[in-house]
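What follows is each chain in one-letter form.
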Amino acid sequence: MLSPTKIEELYQEFAGNLKDWAHDGLISVDLKLLHELNLLGALSSEQDENDDFSQYFHVIETPEKVTLFNEQFIIWIVPKMEEENPVTYVYIALSHEDKASLEIVFTTSGVYNTPKFVLRVLQYYLLDMIETEATLTNFKKET
């Protein structure tokens, strides 16, 4: 697992060169995205079978951001003010032995900038990445 110092260095590199690292660009959470990800029903229901995260994380909290990490993922949750409007940036990276690869960066703002929306979208992307990695691993084993 990467050290907290290395994780901070990676964040600085990713945040400083976001255009180079974010393959899919910056994803803005809005009604259209929530519909595409089929999250509208999950957000409106009080109970959800996937209510808790599928992974356990170490947490580092600083005034600038919250960093979550384990052997598989590194997540940076960064609240900011842009033109007097609160915005939350969420960076999700896959962790490797001595490096990480930034996979997804999304933002929430306005009515979508609540812990419920941030965590639900984060959970969706983590589960999607776990499934994708499992598929790739099975494919590699078969070839």
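Going by the structure above, here's the rest.
Procedures and definitions
- Counting of residues starts from 1 at the beginning of each chain's written sequence and follows it residue by residue.
- Only residues with pLDDT of at least 70 get local features here, since the model is predicted, and only at 80 or more are side-chain atom pairs given and counted; chain-wide, interface and lining totals rely on the full set of residues.
- Calculated side-chain values reflect all of the structure's heavy atoms, with hydrogen atoms and water omitted.
- In this text, helices come from DSSP runs of H or I with a minimum length of four residues, and strands from runs of E with a minimum of two, each type numbered from the N-terminal end.
- Expected span of a helix, by definition, is 1.5 Å for each gap between consecutive residues, and there is one gap fewer than residues.
- With a 1.4 Å probe rolled over the protein chains alone, any residue whose accessible area is under 20% of its type maximum counts as buried; one over 50% counts as exposed, and the rest are partly exposed.
- In this description, one arc is meant: the one made by directions from the helix axis to the C-beta atoms.
- Note on contacts: a residue pair qualifies if any of its non-hydrogen atoms lie within 4.5 Å across the two residues.
- A pair of strands counts as paired when DSSP detects no fewer than two bridges linking them.
- The convention used is that axes are lines fitted to C-alpha atoms, helices contributing only their stretch in contact, and that angles between N-to-C directions extend from 0 to 180 degrees.

Chemist: Is there a simple way to think about helix α1 (residues 4–16) in this case?
Modeler: In an α-helix there are 3.6 residues to a turn, and that puts residues three or four apart on one side. Relative to the 18 Å expected for 13 residues at 1.5 Å per residue, α1 spans 18 Å between its end C-alpha atoms, a close match to the ideal helical length. When α1 is considered as a whole, its buried residues turn out to be Ile7, Leu10, Tyr11 and Phe14. Looking straight down α1, one finds its buried side chains confined to an arc of 105°; they lie on one side. Exposed residues pointing more than 90 degrees away from the buried face of α1 are listed as Thr5 and Gly16. Tucked into the core, α1 has its buried residues touching α2 (18–21), β3 (66–69), β4 (73–82), β5 (85–95) and β6 (100–109).

Chemist: Would you explain unusual backbone geometry in this entry?
Modeler: As a rule of thumb, non-glycine residues mostly have phi less than zero, and peptide bonds are mostly trans rather than cis. You will see that Glu83, though not glycine, has its phi angle at about 50°, which is positive. Inspection of the secondary structure puts Glu83 in the loop between β4 and β5. A positive phi angle is found at Glu84, which is not glycine, with a value near 65°. Note on placement: Glu84 falls in the loop between β4 and β5.

Chemist: Just to check I follow, could you spell out the sheet that holds β6 for this structure?
Modeler: Think of a sheet as strands paired side by side through backbone hydrogen bonds, with each pair either parallel or antiparallel. A sheet is described by the order of its strands in space; here 6 strands give the open sequence β1-β6-β5-β4-β3-β2, paired in mixed fashion. The two strands at the open ends of the sheet, each matched to only one other strand, are β1 (26–28) and β2 (58–61). For this sheet the average axis-to-axis angle between neighbouring strands, irrespective of direction, equals 20°. As paired elements, β4 and β5 share 10 bridges and run antiparallel to each other. Each bridged residue has a counterpart across the sheet, and for Phe73 the counterpart in β5 is Leu94. Strand contacts of α1: β2, β3, β4, β5 and β6, with the helix running at about 50° to β4, the strand carrying the most contacts.

Chemist: Teacher, can you tell me more about the pairing of β6 here?
Modeler: It is a general feature of regular strands that their side chains alternate between the two faces of the sheet. Among the 10 residues of β6, 7 are classified as buried, and the element is accordingly described as predominantly covered. As defined by bridge partners, β1 adjoins β6 across 3 bridges and the pair is classed as parallel. Bridging from a neighbouring strand, Ile27 pairs with Phe106 of β6. As defined by bridge partners, β5 adjoins β6 across 9 bridges and the pair is classed as antiparallel. Within β6, the residue paired with Val87 across the bridge is Ser109. A loop of 4 residues connects β5 with β6, the two strands running antiparallel in sequence.

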